[in-house]
Amino acid sequence: MLIDTHAHLDYTDYDPDRAEVIARATEAGVTEIISIGTRLDSSTRAVELAENFPNIWATVGIHPGEVDLAPEDAVEWLRALAQSSRVVAIGEIGLDYHHLPTDPAKVAANKKRQAALFGAQLELTAELGLNAVIHQRDSWEDTLRILADFTGKVRGVFHCFGGTVEQAREVLALGHLVSFTGIVTFKNARQVQETARALEPGEFMVETDCPYLAPVPDRGKRCEPAHTRRVAEQIAQLRGTRLEEIAAWTTETARGFFGFKR
Ligand code: NI
């Protein structure tokens, strides 16, 4: 039994065969999937999916790459969406300095808006008593600085974690978790493989971030929740243990973190 803790099942990539994709996940032993919102429309669809499939749960949030398209009252909409008992976290939220506006004159305003929406969504997370799914890319220090105000109030998972063991320990010490994607199967991913080898049970979860980041040998193709199994297999191999052990640890960790009932 495995849980894909980060899938974008609402994306149009799955419009032709969504039900089959979900069935393949079940066949692969991926018994639960968390569909992650990135905008208001995507969050709305994630909640609809979670209300239609008993093994799917949803998060709602504005991704840092989508802040310029978010309406002024985005947080009000998210608060309303989060009333569904199928919503298990706020996310994905955070800061992304990798994909910034190409026009240099727009960078400062974009970063400011990212920070404002990240903070506002963390406030909402705390208010609702939920946890947060954190997206961080090339923005480590600012992400931790904004998150610092919420230490003890909000727990986050640093999804698609690619950092060092030391960076993982830094966020774990603050009560957060990390999760690993198919990147752990990539040949050039030594650093994150080292981290996946070093962490203790209870400190990490697994995910696909599908449709992105398909594990080897499907790298570059459309990814899907069934591939969570390959992520867990690779971590088991790196640690010299069995898939069943990684599945049991990460499933228990995900159940504790997301709750799955409200
Ligand atoms: Ni994502």
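Rules of the game
- Residues numbered from 1 in each chain as written.
- Predicted model: local features only at pLDDT ≥ 70, side-chain atom pairs only at ≥ 80, totals over all residues.
- Heavy atoms only, no water.
- Donors = N, O, S within 2.8 Å, 3.2 Å for Na, K, Ca; no water.
- Tetrahedral: all angles 85-135°; square planar, octahedral: opposite > 155°, others 65-115°.
- Helix = DSSP H or I, 4+ residues; strand = E, 2+ residues; numbered from the N terminus.
- Core = buried A, V, L, I, M, F, W, Y, C linked by side-chain atoms within 4.5 Å.
- Buried < 20%, exposed > 50% of the residue type's maximum accessible area, 1.4 Å probe, protein only.
- Contact = heavy atoms within 4.5 Å.
- Disulfide = S-S within 2.5 Å.
- Axes fitted to C-alpha atoms, helices over the stretch in contact; angles between N-to-C directions.
- Parallel < 35°, antiparallel > 145°, perpendicular 65-115°, else oblique.
- Left-handed = near helix turned anticlockwise from the far one by under 90°.
- Salt bridge = Lys/Arg side-chain N within 4 Å of Asp/Glu carboxyl O.
- Expected span 1.5 Å × (residues − 1).
- Pairing = 2+ DSSP bridges.
- Right-handed = clockwise from strand over helix to strand, strands pointing away.

Peer 1: How should the coordination of the nickel ion be read in this particular structure?
Peer 2: For the nickel ion, every protein donor is listed as His6 (NE2), His8 (NE2), Glu92 (OE) and Asp209 (OD), and the spread of their distances is 2.1 to 2.4 Å. Because the angles between the four donor atoms bound to the nickel ion fall within 86 to 177°, the donor set is best described as irregular. For the nickel ion, the donor residues sit on a single chain with the sequence spacing H-x1-H-x83-E-x116-D. Here histidine 6, found in strand E1 (residues 2-7), pairs with glutamate 92, found in strand E4 (residues 87-96); they are 86 residues apart in sequence, far enough to count as distant.

Peer 1: Explanation requested: the nonpolar core in the structure shown.
Peer 2: Here is a general trend for soluble globular proteins: nonpolar side chains tend to be buried in one another's company. If you look at the biggest cluster of nonpolar residues, it comprises 85 residues, and the most contacted ones within it are Leu9, Leu122, Phe158, Val178, Phe180, Ile235 and Phe258. If we ignore the near neighbours within four places in the chain, the residues touching leucine 9 are Tyr14, Arg18, Val21, Ile22, Ile33, Ser35, Leu49, Ile56 and Pro225.

Peer 1: Where do I start with the state of the cysteines in this structure?
Peer 2: Note on terminology: a disulfide is the covalent bond linking the sulfur atoms of two cysteines. Inspection of every chain in the model, using the stated rule, returns zero disulfides. The closest cysteine sulfur to the non-disulfide-bonded cysteine 160 is located on cysteine 223, 11 Å from its own sulfur. Given a relative accessible area of 21%, cysteine 160 falls into the partly exposed group. Left without a disulfide partner, cysteine 223 is nearest to the cysteine sulfur of cysteine 210, which lies 5.3 Å away.

Peer 1: Looking at this structure, how should I read the packing of helix H3 (residues 74-81) against helix H4 (residues 107-128)?
Peer 2: Packed helix pairs are specified by the crossing angle of their axes together with the interaxial distance, meaning the distance between the axes. H4 packs onto H3 with a crossing angle of 30° between their chain directions and a minimal axis gap of 10 Å. It follows that H3 is roughly parallel to H4 by the angle criterion. Of the two elements, H3 crosses H4, and the hand of that crossing is right-handed. On the side of H3, the interface is formed by Val75, Leu78 and Arg79, while H4 contributes Leu117, Ala120, Gln121, Leu124 and Glu127.

Peer 1: Even after reading the chapter, I still don't get unusual backbone geometry, so can you show me in this structure?
Peer 2: Note: most residues except glycine have negative phi, and most peptide bonds are trans. Cysteine 210 connects to proline 211 through a cis peptide bond whose omega is 15°. Here proline 211 lies in the loop between strand E8 (204-206) and helix H8 (228-239). Cis geometry marks the peptide bond from valine 216 to proline 217, where omega comes out at 10°. Mapped onto the elements, proline 217 comes out in the loop between E8 and H8.

Peer 1: Is there a simple way to explain the pattern of salt bridges in this structure?
Peer 2: Side-chain pairing between opposite charges can occur once the charged atoms of the two side chains come close. Within this structure, the stated rule accounts for 18 salt bridges. Two residues, arginine 24 and aspartate 17, come together in a salt bridge whose shortest N-O distance is 3.8 Å. You can call aspartate 17 buried: its relative accessible area is 18%.

Peer 1: Honestly, H4 in this entry has me stumped. Any pointers?
Peer 2: An α-helical turn contains 3.6 residues, so any two residues separated by three or four positions project in the same direction. Here H4 spans 31 Å end to end across 22 residues, near enough to the 32 Å set by a 1.5 Å rise per residue. Among the residues making up H4, those that are buried are Asn110, Gln114, Leu117, Phe118, Gly119, Gln121, Leu122, Leu124 and Thr125. The elements touched by buried residues of H4 are H3, E4, strand E5 (132-137) and helix H5 (140-148). Among the residues trailing H4, glycine 129 stands out with phi positive, at a value near 70°.

Peer 1: What is the right way to look at the packing of helix H2 (residues 40-52) against H3 in this model?
Peer 2: Interhelical geometry of H2 versus H3 gives an angle of 0° and a closest axis separation of 11 Å. Here H2 is positioned roughly parallel relative to H3, judged by the angle of their axes. Residues Leu40, Ser43, Thr44 and Val47 of H2 form the contact with H3, whose own contacting residues are Ala74, Trp77, Leu78 and Leu81.

Peer 1: I keep staring at the pairing of strand E3 (residues 56-60) and nothing clicks. Help me out?
Peer 2: When a strand is regular, its side chains alternate between the sheet's two faces. Where burial is concerned, most of E3 is hidden: five out of the five residues are buried. Across the two faces of E3 the burial is the same, with Ile56, Ala58 and Val60 and Trp57 and Thr59 all buried. With four bridges connecting them, strand E2 (residues 30-36) and E3 associate as parallel partners. The residue of E3 that forms the bridge with isoleucine 34 is tryptophan 57. Where the polypeptide runs from E2 across H2 and back to E3, its parallel neighbour, the crossover connection is right-handed. By the bridge criterion, three bridges tie E3 to E4 in an arrangement that is parallel. The residue bridging valine 60 from the neighbouring strand is isoleucine 90, located in E4.

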